[in-house]
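Spelled out from the first residue to the last, the chains are:
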Amino acid sequence: MQSRCVARSSAGLSAVRSCLLLLFIHMSAPVEARKVRGGRAQTRRVQQQQQQAPAYRERVEGPESFPLDFTAVEGNMNNFMVQIKNLAQSLYPCSAQKLDQDMKLHFLKNVSVTCNDGSPAGYYIKESKGSKRWLLFLEGGWYCFNRQTCDSRYETMRRLMSSAKWPQTRTGTGILSPQPEENPHWWNANMVFIPYCSSDVWSGASPKTDHSDYAFMGSLIIKEVVNELLTKGLDNAKVLLLAGSSAGGTGALLNVDQVAEQLASQGHTGVQVRGLADSGWFLDNKQYKFTDCLDTISCAPTEAIKRGIRYWAGQVPESCRQAHVGEEWNCFFGYKVYPTLKSPVFVVQWLFDEAQLTVDNIHLTGQPVHEGQWRYIQNLGQELRGTLRDVPALFAPACLSHELITRTYWMDIQVKGTSLPRALHCWDRSLQDNLHINSSHGNHSHQKHKTPPMRGCPLHLIDSCPWPHCNPSCPTIRDQLTGQEMSVIQFLKHMGFDVQKMAQQQGMDPRKLLGMLNNGS
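Residues numbered from 1 in each chain as written. Predicted model: local features only at pLDDT ≥ 70, side-chain atom pairs only at ≥ 80, totals over all residues. Heavy atoms only, no water.

Chemist: Help me understand the confidence of the model for the chain, please; the structure alone is not making it clear to me.
Modeler: For any part of a model where pLDDT is low, the fine detail of the predicted coordinates should not be relied upon. When pLDDT is averaged across the chain, the result is 80; 68% of the residues are at 70 or more. Predicted confidence is poor over residues 21–67, with pLDDT under 50, and the contacts of this stretch with residues over four places away or in other chains come to 89 contacts. (pLDDT = per-residue confidence, 0-100. Contact = heavy atoms within 4.5 Å.)

Next up, the structure:
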């Protein structure tokens, strides 16, 4: 029986290889020859992809092997992949158990590196044997900056300060998903999710002692995770993408150079370290309404970080520290730390970020906003847009939201007709092309700065329309009191949007503007 099963397994593996070959042929065929039969994507995305089909037929050449570009069949990917999986399973009968796609919890072996309460820090991992691409994701979740705010956080959000009740497994979504229909370019990477339990924006390096109630070791947790992953195959990696959302996005900016230096110092110079900062590009701007710094939500970002960096013994990148000696808190703000970084970083940022509005004391709690608030929100979008002008790898939709890369709908959001997964794939390719050019000239440094984009592969994607949710692919808006979906024009009227005044500012006929809004454009 065992030999028969081995034989069947070999045959099954051959069949799976054949399936993948058929898959490659399917994606290489002209788009016009494929029939779209529905799927998870919205109708507008399918239509846009059909119009853009030639751009998706580009292929990568070079020594680094990339996963197949599934973007070409996004429109009917669900149906197509179900058929492939069913075929593979029917040809592989000895696989009695479903392949385990979840990430499994591992506590750090170095027990001196802990969460806030002294419980062991750790990480979740789903290994992908044979892949030389690693994705390390830093979880977000605000911060606390003194004894009072940390005590309150421990009472209300303990899972962000302790590992005591962490589940044994986690299911990856968005860019952490192992499903190619949800994650067309990174589905086959080694996935690592690092839970946030240090409350220090991933910057701290201070242990819990008899004189301190909490440990703040976010920076050290990342170092220890990287050290452990070196024993699991990271030492042979070609690409390490340090990603994060919200506080984790800021953490990626603060730690990407540290990770690159850590690997280089241990002789792993072949690993290309990159950063992906999602919703972590905050502004140290003036609040709409000043309030005393009594809690995390109402405290102005500048004041909270000034207090926090002392409380956490926070670490910042050395190059940024030298640029802001004595005022290292500046390095927690994306537009100030980014120019000092050596590693390439892709920035994902909603132009009207809900967390930024919250710390600026704009609370969208169901009541229509005043004209002053509306102007403040519009100015925030303009100010944020200005700080992102010189970021070459960027995805910035004009939406009111927070976090994107781990959302299941992350493929649906587009800027100028390009989805985020597509933009990240273009960035991958541009960095790879840079590496080949630098190698041919004997320069092996990792290039961060601007390179000419490949045709049909844009990297700098930022909406130019001036108000929240003027991008028709923005996430669904719900009324915060009733929970019901709102149309774009209902939302804008709720926000105090004046059609006559806005049309005048844009030099348009009010009826034309109203028609555009009703059509979601």
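Read on, since the account is not over.
Chemist: Got a minute to help me understand the pattern of salt bridges in this structure?
Modeler: Any two side chains of opposite charge can pair, on the condition that their charged atoms come close. Under the criterion given, the structure shown has 11 salt bridges. Across the salt bridge formed by Asp213 and Arg147, the nearest N and O atoms sit 2.7 Å from each other. Residue Asp213 is located in the loop between β5 (190–194) and α5 (218–229), and its partner Arg147 is located in helix α4 (residues 147–156); the two are separated by 66 residues in the primary sequence. Judged by relative accessible area, which is 45%, Arg147 ranks as partly exposed. Notably, a salt bridge pairs Arg274 with Asp428, separated by 2.5 Å at the nearest N-O pair. (Salt bridge = Lys/Arg side-chain N within 4 Å of Asp/Glu carboxyl O. Helix = DSSP H or I, 4+ residues; strand = E, 2+ residues; numbered from the N terminus. Buried < 20%, exposed > 50% of the residue type's maximum accessible area, 1.4 Å probe, protein only.)

Chemist: Can you help me understand the state of the cysteines in this one?
Modeler: Scanning the model with the defined rule gives six disulfides in all. Shown here is the disulfide that connects Cys399 with Cys474, its sulfur atoms set 2.0 Å apart. Residues Cys399 and Cys474 share a disulfide whose torsion about the S-S bond is about -85 degrees; that sign makes it left-handed. Separated by 75 residues along the polypeptide, Cys399 in the loop between β10 (394–396) and β11 (400–401) and Cys474 in the loop between β14 (460–462) and β15 (477–478) bring together distant segments of the chain. Like Cys399, the residue Cys474 is buried in the burial classification. (Disulfide = S-S within 2.5 Å.)

Chemist: Is there a simple way to explain the sheet that holds β14 in this structure?
Modeler: Sheet strands pair by backbone hydrogen bonding; their relative direction is either parallel or antiparallel. Pairing in this open sheet of 10 strands is mixed, and the strands run β4-β1-β2-β5-β3-β6-β7-β8-β10-β14 from one edge to the other. Because the sheet does not close on itself, it has two edges, and the strands there are β4 (169–170) and β14. Looking at chain direction, strand β6 (residues 239–245) and strand β7 (residues 272–278) are connected through seven bridges and run parallel. Within β7, the position partnered with Ala243 by the bridge is Leu276. (Pairing = 2+ DSSP bridges.)

Chemist: Sorry if this is basic, but what is going on with unusual backbone geometry here?
Modeler: The phi torsion of most residues other than glycine is negative, and most of the peptide bonds are trans. Located in the positive-phi region is Trp142, a residue other than glycine, with phi close to 55 degrees. Trp142 gets classed as partly exposed once you look at its relative accessible area, which sits at 25%. Positive phi, close to 55 degrees, is recorded for Ser279, a residue that is not glycine. Along the chain, Ser279 falls in the loop between β7 and α7 (301–312).

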